[in-house]
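Geometric and topological summary
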Amino acid sequence: MAIEAELKAVVRDPEGVLKQLEDRYGVGRAEVYRDTYYDAPDGSLMGADRELRIRIVHGPDDTRTVLTYKGARVDEASGSKPEAETRVEDADAAHEIIRGLGFTARIAFEKRCRNYAFERDGHQVLATLVRVPELDDATFIEVETAAATPADLAPALVVVRAVLAELGISEMDLTTDLYTDAVAGARPA
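Fair warning: this is a prediction, and the values are worked out from it, not measured in the lab.

Side note on the overall build of the protein
Regarding its fold elements, the protein presents five helices and nine strands. Listing each helix as α and each strand as β along the protein from the N terminus yields β-α-β-α-β-β-β-α-β-β-β-α-β-α. Relative to a compact globule of 189 residues, whose C-alpha radius of gyration would be 16 Å, the protein shows 16 Å and is just as compact. Overall size of the protein, expressed as C-alpha extent along the three principal axes, is 45 × 35 × 35 Å. Looking at the protein residue by residue over its 189 residues, the buried ones come to 42%. Considering only intrachain contacts with a sequence separation of at least 6, the fraction spanning at least 24 residues in the protein is 62%.

Right under this line is the structure:
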């Protein structure tokens, strides 16, 4: 399973970062993600820092559904995790299968994204500007590439950090906080 070499940061100047992304990589792809995270009834999946997610992506030209499993973090500083992901044909059937296996939906929320895909130093990179309505429309940026093995993670993160630095994102803006935790914390108890 490949490792998602990813860094996430709070964006303090969303319009400035958006302009830089568009100047460097062209017009991004606007998409709305509707994410549902599942867990075992006893909380053992999320308790072990693992994720099981169904994401429905609404884009300008299509809607697609993606099933994702993320293992526990292999790098605490970045929060990078092994990830397996695949498209599924029928979102309703995917939810039924996951529930039929005994998992329960723990949290669902929406992310409004603008994606920029490009190559950097031999790596396919995805930079995503993210707004989460439930988090007072705070803006984040996620920059990711894939690392085939744990040994490939450090060089992949060098590429990710370089992209962030070019966009004016400092190390102080980085966060490993999960959207799931932030959204759960923002909801009334």
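From this point, the narrative continues.
As for the packing of aromatic side chains
With the rule as written, the count across this model stands at three aromatic pairs. For the ring pair Y37 and F109, a centre distance of 5.9 Å and an interplane angle of 10° mean the geometry is stacked. Within this pair, whereas Y37 is found in strand 2 (residues 29-39), its partner F109 is found in strand 6 (residues 104-120), the two being separated by 72 residues in sequence. Just as Y37 is buried, F109 falls in that class too. With a centroid separation of 5.4 Å and an interplanar angle of 85°, the aromatic rings of F140 and Y179 are classed as edge-to-face. Here F140, found in strand 8 (residues 138-147), pairs with Y179, found in helix 5 (residues 179-186); they are 39 residues apart in sequence, far enough to count as distant. Of the two residues, F140 and Y179, both sit in the buried class. Lying across the ring of F140, K8 places its NZ or CZ 5.6 Å from the centre. The ring of Y179 has K8 lying over it, and the distance from NZ or CZ to the ring centre is 3.7 Å.

Observations concerning the environment of D62
Tracing the backbone through its elements, the reader meets D62 in the loop between strand 3 (51-58) and strand 4 (63-70). In the structure, D62 is positioned 41 residues away from F103 in sequence and 28 Å away in space, judged by C-alpha atoms. Excluding its chain neighbours within four sequence positions, the residues that come into contact with D62 are R29, V57 and R87. A distance of 2.8 Å separates the side chain of D62 from the side chain of R29, its partner in a polar contact.

Structural notes on the nonpolar core
Within the largest apolar cluster, 24 residues are counted, with the highest numbers of intra-cluster contacts made by V17, L21, I141, V143, L164 and I169. Of all elements in the fold, only strand 1 (3-10), helix 1 (14-25), strand 6, strand 7 (123-132), strand 8 and helix 4 (150-166) reach the threshold of two or more residues within this core. Residue contributions to this core peak at seven residues, all from helix 4. If we skip the residues at most four places from it in the chain, V143 touches A5, E6, L7, V125, L126, A127, V160, V163 and L164. Among the nonpolar cores identified, the runner-up in size contains twelve residues, and Y33, I107, C113 and L135 belong to it.

Details of the pattern of salt bridges
In this structure the tally under the stated criterion is 24 salt bridges. Close ionic contact of K81 with D49 constitutes a salt bridge, the shortest N to O distance being 3.2 Å. Here D49 lies in the loop between helix 2 (44-47) and strand 3 and K81 lies in strand 5 (residues 81-88), a separation of 32 residues in the sequence. R187 is the salt-bridge partner of E134, the closest N and O atoms lying 2.7 Å from each other. With E134 in the loop between strand 7 and strand 8 and R187 in the segment after helix 5, this residue pair connects regions lying 53 residues apart in the sequence.

Cut-offs and rules
Residues numbered from 1 in each chain as written. Predicted model: local features only at pLDDT ≥ 70, side-chain atom pairs only at ≥ 80, totals over all residues. Heavy atoms only, no water. Helix = DSSP H or I, 4+ residues; strand = E, 2+ residues; numbered from the N terminus. Rg over C-alpha atoms; globule rule 2.2 N^0.38 Å. Buried < 20%, exposed > 50% of the residue type's maximum accessible area, 1.4 Å probe, protein only. Contact = heavy atoms within 4.5 Å. Phe/Tyr/Trp six-rings, centres within 6.5 Å; stacked < 30°, edge-to-face > 60°. Lys NZ or Arg CZ within 6 Å of the ring centre and 35° of its normal. Polar contact = N/O pair within 3.5 Å; in protein donor to acceptor, adjacent residues only side chain to side chain. Core = buried A, V, L, I, M, F, W, Y, C linked by side-chain atoms within 4.5 Å. Salt bridge = Lys/Arg side-chain N within 4 Å of Asp/Glu carboxyl O.

Shape descriptors only; they carry no functional weight alone.
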